[in-house]
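# Residue-level structural notes
In case you want the letters, here they are:
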Amino acid sequence: MATPALAAKERGNAAYKAKKFNEAIAAYDEAIALDPTDITFYNNKGAVHFEKGEYDQVIEVCTKGLDVGREQRADYKHVAKSLSRIGKAYFKKGDLDSAMTFYDKAICEHRDPAILKERSEVVKLVKEREDLAFIDPVKSTEEKNKGNEVFKQGKYADAIPFYTNAIKRNPQDHVPYSNRAACYTKLMEFGLAMEDCNKCIELNPTFIKGYLRKAALLKIDKPTEAKSVYEKALELDPNNMEAKQGYQHCVNQMRNLSPEERAKSAMKDPEIQRILQDPAMQIILEQMQKDPTAAQEHLKNPQVAEKFQKLVQSGIVSIR
């Protein structure tokens, strides 16, 4: 048979579920008055205050419940709930440091998956806050300039940390990515260099040096892809000598390949892949194969003609 205190708690639970929060608080207060040694009464009352947005009261009630629970050697799960509820209240108040403190204490009592999930959200926000506080465009430029000086001395590995710090100080600046890519290229870390080139281009699609560095990496063994990147660079600056020479180098390199080698190389080019995966182009190519005269009609469309020319140049399609 339920004690009067537990009966009051049950009334509080029913009122809470019905969102009759004032009635719930009154019932939990009655339960506490009848039996002030049960931590669950405090936890439940704290939950009601939380729903009402009364976060200071949550902290006060759950702290009291925590003291009672420690004295009564309550189940560690109930203690963890008190601690996590305090942490949740601090989180809502915007006090991330205090929230983290209480979530950590709660996990020490009981590694409840729900508490771990709530804590991970706090960790994420703390990291974002720290990253934001670290951002400083002026200091980013200083770090970048230090990297440039070290790079000029041929100390490529030593220049990388400066460019990395510049990126952390100003993640939206494309130049440190380009400069770090140059370091990685010198150190023959081509995969890392490509990642930085791609990020540089993503941040500033009009920055020609990003394309030139990417193309220089690709032309080593992927002349078809490199040629496409040089073409994009020439769209930005038709008179750029490095882009012109790189483009011609790729064309000459492709001429020296057998038709099979050209086609195999071309298939690695993302642009060629997109053309071949285009359903409309697939239909057009199929029609051209069955009826060569159909090519004349399709090639009147400038977009189709441009894509078709790329396939011809790459060796994917041959004209007889």
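All values derive from a computational prediction rather than experimental measurement.

On a plain count of helices and strands, the protein chain comes out with 19 helices and 0 strands. In summary, the protein chain has a C-alpha radius of gyration of 33 Å against a globular reference of 20 Å for 320 residues, an excess of more than 25%. With the principal axes as the frame, the protein chain shows a C-alpha extent of 95 × 60 × 25 Å. Residue burial in the protein chain is summarised as follows: out of 320 residues, 40% are buried. Of the contacts formed within the protein chain by residues at least 6 apart in sequence, a portion of 51% connects residues at least 24 apart.

On to the nonpolar core. With 23 residues, the main nonpolar core has Y230 and A243 as its most contacted residues. Among the secondary structure elements, those contributing two or more residues to this core are α9 (156-169), α10 (175-186), α11 (190-203), α12 (208-218), α13 (223-236) and α14 (241-255). Not counting residues up to four positions away in its chain, the partners in contact with A243 are L212, Y230, A233 and L234. Judged by nonpolar contacts, the second largest core, of 22 residues, contains I59, L83, A99 and I115.

Judged by side-chain polarity, M188, F190 and I220 come together as a nonpolar surface patch covering roughly 320 Å² of accessible area. With respect to the secondary-structure elements, M188 resides in the loop between α10 and α11.

Here helix α3 (residues 39-51) contains 13 residues, and its C-alpha end-to-end distance of 19 Å stays within 8% of the 18 Å for a straight helix at 1.5 Å per residue. Counting buried residues along α3, 12 of its 13 residues qualify, which places the element largely inside the surrounding structure. Among all positions of α3, only I39, T40, F41, Y42, N43, N44, K45, G46, A47, V48, H49 and F50 are buried. Buried-residue contacts for α3 involve α1 (4-17), α2 (21-34), α4 (55-72) and α5 (76-93).

Take the packing of α2 against α3 next. At a closest axis distance of 9 Å, the pairing of α2 and α3 adopts a crossing angle of 160°. Our classification of the angle between α2 and α3 gives roughly antiparallel. Crossing geometry of α2 relative to α3 is assigned as left-handed. The residues of α3 that touch α2, namely those facing F21, A24, I25, Y28, D29, A31 and I32, are F41, Y42, N44, K45, V48, H49 and E51. A per-class count over the contact of α2 with α3 returns 9 nonpolar, 2 polar and 3 charged.

Looking now at the environment of F162. Mapped onto the elements of the fold, F162 is located in helix α9. The partly exposed category is assigned to F162, whose relative accessible area is 25%. For the pair F162 and G147, spaced 15 residues apart in sequence, the C-alpha separation works out to 4.9 Å. In this view, F162 contacts E143, K144, K146, G147 and V150; residues no more than four positions away in its chain are not counted.

What counts and how
- Residues numbered from 1 in each chain as written.
- Predicted model: local features only at pLDDT ≥ 70, side-chain atom pairs only at ≥ 80, totals over all residues.
- Heavy atoms only, no water.
- Helix = DSSP H or I, 4+ residues; strand = E, 2+ residues; numbered from the N terminus.
- Rg over C-alpha atoms; globule rule 2.2 N^0.38 Å.
- Buried < 20%, exposed > 50% of the residue type's maximum accessible area, 1.4 Å probe, protein only.
- Contact = heavy atoms within 4.5 Å.
- Core = buried A, V, L, I, M, F, W, Y, C linked by side-chain atoms within 4.5 Å.
- Patch = residues over 30% accessible without salt bridge, like charges linked within 9 Å, V, L, I, M, F, W, Y side chains within 5 Å.
- Areas by Shrake-Rupley, 256 points an atom, 1.4 Å probe, with all protein chains shown as cover.
- Salt bridge = Lys/Arg side-chain N within 4 Å of Asp/Glu carboxyl O.
- Expected span 1.5 Å × (residues − 1).
- Axes fitted to C-alpha atoms, helices over the stretch in contact; angles between N-to-C directions.
- Parallel < 35°, antiparallel > 145°, perpendicular 65-115°, else oblique.
- Left-handed = near helix turned anticlockwise from the far one by under 90°.
- Nonpolar A, V, L, I, M, F, W, Y, C, P; charged D, E, K, R; others polar.

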